[in-house]
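Geometric and topological summary
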Amino acid sequence: MNLLPVLEGLHSAEAFHPAFLTSFFERVRELEQDPGAYQDALRGKLIATVFEEPSTRTRLSFEAAAKRLGGQVITVADPKTTSAAKGETLHDMAKVLGGYADLIVWRHASDGASRLASQAAGVPIVNGGDGRLGHPTQTLLDLYTLSREWGDFRGRTVALMGDLKNGRTARSLAWALAVLGVRIVLLPSPSLNWESSFERRILDRFDYRLVQARHPLFRSWIGSDEAFLLEPRGVAQGDLFPEQSAALHKIDAMYLTRLQDERGARQGGAPYPGVTPEVMADPLLSDCLLLHPLPRRGELPPTLDSDPRALYFEQAKMGPLVRMGVFLAFLRPDLWPLPTLQPLPSGCRDHDLGTCPNTGCITHSQKLRAPWRTEGRSRRRFLCAYCDALLPIDYIGCCSSRKVHPIHSPKAQSIRPENLRPFVSREDAERESYSWGS
Ligand code: NCD
C-alpha cells in the first residue's frame, strides 16, 4: 500500500489531545505574562501567509505573532494575484512556497486543502481555515479564552449555535471540547446542522452519548424545546436523567456563529438563532460566557458588548498570543517544547473509490482521487483522508488472499490494515478478480 507523504503541521482539531492542550495553555499563559521573552525566537525565520479567502483577524494576528517573535512574513491576501488564477494546482503552489518559507499558514475555500498542501510543501503547514472543515488555531484561541476564565474544563457545558453545517470554527471547537470531556449543547439553525456522521465519529472516538435536553428558550433558536446534547458517558447524570429528555439548568458558555452564506447557506423561513439582552437575563444563561469567532451579524447585537459575560473581543485579542504559541511550537521546539500532536493518517490513494462524496472536498477542485484512511475498531469506517467524509464502502477485500467480504462481516473485520482493499461495490471487486469470501 502506498501511503501519501506524512502530514506535517496543524490541520485539524483531531490532532489535539488533553496533554497537548493543557501544556499549550500553560505555556501561552506564561507568554501572556511575559510577551517580550521570545522577541528574537523567530529571527531568521520566514513565514508565508497564503489566504485564498477573506480574512481580517486570522491573517493579521498570524502576521502580528510572527513579527512579535522577530520573524519575517511574506503574504498572499488575494488569490487573484497568484498563479492559482492561471490554473496552477495547489500541489505545485505548495511545493514552490515550501522552498521559500519555513512555515506556511494557508486558508483555502476547500475542505482538506491544508492536508493536501502539506504533502507537497516539505515545511509545516498551519491550517488557517479550510472550507467548512476546520480552523484549529481559532479553536486554540477559543479554548484559551475559556481556560483563562475557568482554569479547568471539567463539568462545563458549552452550547454551539448557528450555522453548524458550514461553520468550520464550531466544527473544530466541537471536536476539541470532546477531547476535553465537555458537554456540548447543539443549537443549530434549523436545516443547518452538521452531517450525522460527524456526530457519530465524536460519539465513537470519545465514548460520548447523544441525549436530549429541554428548555423553553430553545424553541426560539431551533424551533423545539428539546435540543441534542453530546456528553461523556461517565458524567454525573444529575438533572438530565432518567427520562430521555430532562430540563437543562445551566449553560456555562455559548459559542455563536454567523450564517455562512458564502458557502451557500440559506436561512429559510426560520429566524437565525442569536441572543439579546432580554434572552441573556434568563437564569439558564446567568453565568454564560459569550464567544463568537467574528465577524458577527445580527445574532450578537452590539448592545451586549458591555455585558461582563461578553468575551468575543477578548477572544479576538488572544489571536496573536495564541498564534505566537503555534509558531514557537513548530519552529522553536527547543525553546518551547510541547507534547507532540496526534498524527493524522496521511491516507492511501492506490485504489479508485470514485470521487469523494463531499463536493466541497479539495479532491474535486484539484481533480484527484480521494485518498482513504480508516477509523474505528469494531465498526471499521473508511474516510476521505483529506476531508474526513465517510466513503461509501460496502465491501472489503484482502490483498493477500484476494477474497472480498461485506464490510460488517467478521471476516472483513479481521483483515490486517496493510492488506485492506476497500470496494464500493461487489462488481468492482469482481472486476479486479477478487473472489467472494466464504
Ligand atoms: C471565521 C472563519 O473564517 O472561519 N472567522 C475567523 O477566522 N475569526 C468565522 C467566520 O468567518 O464566520
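Reference entry: report on the structure contained in this document. Within each chain, residues carry numbers counting from 1 in the order of the written sequence. Given that the model is predicted, a residue must reach a pLDDT of at least 70 before its local features are reported, and side-chain atom pairs must reach 80 or more before they are shown or counted; all residues, however, enter totals for whole chains, interfaces and linings. As a rule here, side-chain values cover all heavy atoms of the structure and leave hydrogens and water aside.

Here we look at the packing of helix α1 (residues 18-33) against helix α5 (residues 136-150)
Geometry is summarised by axes, namely lines fitted to C-alpha atoms with helices restricted to the contacting stretch, and by angles between N-to-C directions that run from 0 to 180 degrees. Per the convention used, a helix needs a DSSP run of H or I reaching at least four residues, while a strand needs a run of E reaching at least two, with both numbered from the N terminus. Where α1 meets α5, the closest approach of the two axes is 10 Å, and the angle between their N-to-C directions is 70 degrees. The angle between the axes of α1 and α5 places the two elements in the roughly perpendicular class. Every residue of α5 that contacts α1 at Phe20, Leu21, Phe24, Phe25, Val28, Arg29 and Glu32 is listed here: Leu140, Leu143, Tyr144, Ser147 and Arg148. All residues other than Ala, Val, Leu, Ile, Met, Phe, Trp, Tyr, Cys, Pro, Asp, Glu, Lys and Arg, Gly among them, are scored as polar; the first ten of these are nonpolar and the last four charged. Its residues placed into classes, the contact of α1 with α5 shows eight nonpolar, one polar and three charged. By the definition adopted for this analysis, an angle is roughly parallel if under 35 degrees, roughly antiparallel if over 145, roughly perpendicular if from 65 to 115, and oblique otherwise. Note on definitions: a residue-residue contact is assigned when non-hydrogen atoms from the two residues lie within 4.5 Å.

Regarding the site of the ligand
In the vicinity of the ligand, the contacting residues are Arg57, Thr58, Arg107, His135, Gln138, Arg168, Thr169, Arg258, Gln260, Pro293, Leu294 and Pro295. Distance and chemistry together define a polar contact, namely a pair of N or O atoms within 3.5 Å, with one atom able to donate a hydrogen and the other to accept it when in protein, and with adjacent residues in sequence counting only for side-chain atoms on both sides. In this structure, glutamine 138 approaches the ligand through a side-chain N or O atom, which is 3.3 Å from a nitrogen atom. One of the backbone N or O atoms of leucine 294 is found 3.1 Å from a nitrogen atom in the ligand. For the ligand, whose free accessible area comes to 320 Å², the fraction covered by protein is 93%. Of all the elements in the fold, those that place two or more residues in the shell around the ligand are α2 (57-68) and α6 (168-179). Looking at side-chain class alone, the shell around the ligand contains three nonpolar, five polar and four charged residues. By convention in this text, a residue qualifies as near a molecule or strand provided that one of its non-hydrogen atoms is within 4 Å of it. Only the protein chains shown count as cover for residues, and the accessible areas themselves come from Shrake-Rupley with a 1.4 Å probe.

Re the pairing of strand β15 (residues 395-398)
Along any regular strand, the residues point their side chains to alternate faces of the sheet. Two strands pair if DSSP finds at least two bridges between them. Where β15 and strand β16 (residues 403-406) come together, four bridges link them in antiparallel fashion. In the sheet register, isoleucine 396 faces β16, and the bridge partner there is histidine 405. In textbook terms, the turn of a hairpin is the stretch between consecutive antiparallel strands, and for β15 and β16 this stretch comprises four residues, one of which, arginine 402, has a positive phi near 60 degrees. As judged from the four bridges shared by β15 and strand β17 (residues 420-423), these two strands associate in the antiparallel manner. When the bridges of β17 are listed, tyrosine 395 appears paired with phenylalanine 423.

A look at the sheet that holds strand β2 (residues 46-51)
A sheet is described by the order of its strands in space; here five strands give the open sequence β1-β5-β4-β2-β3, paired in parallel fashion. Where the open sheet ends on each side, the last strands, each with one partner, are β1 (9-10) and β3 (72-76). The sheet contact formed by β2 and β3 spans five bridges and is parallel. Across the sheet, alanine 48 pairs through a bridge with isoleucine 74, a residue of β3.

Observations regarding unusual backbone geometry
Between leucine 294 and the following residue, proline 295, the backbone shows a cis peptide bond with an omega angle of 5 degrees. Examined against the element boundaries, proline 295 turns out to sit in the loop between β12 (289-291) and α9 (312-331). In this structure, leucine 294 is a non-glycine residue whose phi angle is positive, near 65 degrees. The residue leucine 294 is located in the loop between β12 and α9 in this model. Despite not being glycine, arginine 402 shows a phi value in the positive range, around 60 degrees. Within the fold, arginine 402 resides in the loop between β15 and β16.

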